[in-house]
Every structure is written in C-alpha cells, then in structure tokens.
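# Chains, contacts and geometry: an overview
Next come the chains, spelled out residue by residue.
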Amino acid sequence: EIGDAGLESLTAVLSTFTAMQVLVLRSTGISPKGMRTVVPALRQLSRLIKLDISENAIGDPGLECLTDILPLLTAMKVLNLNWTRISDRGISGLVKALPHLLELHVLDVSDNNVGDSGIVSLVQTLCQ
C-alpha cells in the first residue's frame, strides 16, 4: 500500500511515461486527496487503455477529479472503479465523460453505493 504519500512520488515521474497503456493502482490506499495529486499526471497518458483504481476509498470527490480528465483519455478500454466508495453523485459526473470514451469495453462500478438512479443513468448513457 503506497498511500497518498507514495502516490506523490509516483506522480512525479508518471507523466514521463507517455506511452503507458496499463496503470493498475488497485488497493494502494489512495484517498480523494491522492486522486487530486495523480490526475494531472494521468492527463499526459493519452494512450492509456486500462486504468484500475479499484479498492481505494476515493469516493465521489476522487471520482470527480478523474472525470474531469477522462474525455482526454480516448483510448481507454477498461476502467475499473470497483469498491471505490462512489455513489449516485459520482456516477452523475462519470456519465458526462463516458460519451468521450468511444473505445470503452469494460466499466466496473461494482461494490459501491450506486443506487437505482445511478444505474439508470449509466444504462441510458451507455445505450446511446
């Protein structure tokens, strides 16, 4: 578990790996603060096809940081947000970014606090 402090060190060099296609940060102790730290570096990874931040308590604030840059990650095929403590509020921001992710094949938001309205919103967006 690298936590937010370790993530700062990773973020310092992450943006230099512009050809990176897969980034797995599963269960590394990232909080909403950590997401605010890593998102600027993710912006530079336009070739990213898989991002896994599952099992991190980023919550809706962390997801909101991510959704701000998701439209720039147009190569994204797999986005794993399993058990990240997101709710309908976070999903409402995510659905605004999804139409930009034309290559997306897998979106995992399981084991979160997403209710009926969030699921309906996701399904409507994905069916367009």
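Every value quoted in this text rests on a predicted model; they were computed, and no experiment measured them.

### Digging into the nonpolar core
- One finds Leu42, Leu51, Leu66, Leu70, Leu81 and Leu94 to be the most contacted residues of the largest nonpolar core, which totals 34 residues.
- Elements supplying a minimum of two residues to this core: α1 (3–14), α2 (32–42), α3 (59–69) and α4 (88–97).
- Beyond its immediate sequence surroundings of up to four residues, Leu81 is in contact with Ile53, Leu63, Leu66, Ile86, Leu94, Leu107, Asp108, Val109, Ser110 and Asn112.

### Section: the packing of α4 against helix α5 (residues 116–126)
- With their axes 9 Å apart at the nearest point, α4 and α5 run at an angle of 10° to one another. Between α4 and α5, the crossing angle belongs to the class labelled roughly parallel. Contacts from Asp88, Ile91, Leu94 and Val95 of α4 reach α5 at Ser117, Gly118, Ser121, Leu122 and Thr125.
- When its residues are assigned to classes, the contact of α4 with α5 shows four nonpolar, four polar and one charged.

### Topic: α3
- Across the 11 residues that make up α3, a large majority, eight, are buried.
- Along its buried surface, α3 packs onto α2, β2 (50–52), β3 (78–80) and α4.

### Focus on the side chain of Asn56
- Turning to its location among the elements, Asn56 is positioned in the loop between β2 and α3.
- Polar side-chain contacts of Asn56 include one of 3.0 Å to the backbone nitrogen of Thr28.
- Setting aside anything within four residues of it in sequence, one finds Asn56 in contact with Leu25, Arg26, Ser27, Thr28, Gly29, Ile30, Trp83 and Thr84.

### Points about the sheet that holds β3
- Across the sheet, four strands lie side by side as β1-β2-β3-β4; this open sheet has parallel pairing. The strands lining the two open edges of the sheet, one partner per strand, are β1 (22–24) and β4 (106–108). Pairs of neighbouring strands in the sheet enclose a mean axial angle of 5°, with direction left out of account.
- Sheet topology places β1 next to β2; three bridges connect them, and they run parallel. When the sheet's bridge partners are listed, Val24 is paired in β2 with Asp52.

What counts and how
- Residues numbered from 1 in each chain as written.
- Predicted model: local features only at pLDDT ≥ 70, side-chain atom pairs only at ≥ 80, totals over all residues.
- Heavy atoms only, no water.
- Core = buried A, V, L, I, M, F, W, Y, C linked by side-chain atoms within 4.5 Å.
- Buried < 20%, exposed > 50% of the residue type's maximum accessible area, 1.4 Å probe, protein only.
- Helix = DSSP H or I, 4+ residues; strand = E, 2+ residues; numbered from the N terminus.
- Contact = heavy atoms within 4.5 Å.
- Axes fitted to C-alpha atoms, helices over the stretch in contact; angles between N-to-C directions.
- Parallel < 35°, antiparallel > 145°, perpendicular 65-115°, else oblique.
- Nonpolar A, V, L, I, M, F, W, Y, C, P; charged D, E, K, R; others polar.
- Polar contact = N/O pair within 3.5 Å; in protein donor to acceptor, adjacent residues only side chain to side chain.
- Pairing = 2+ DSSP bridges.

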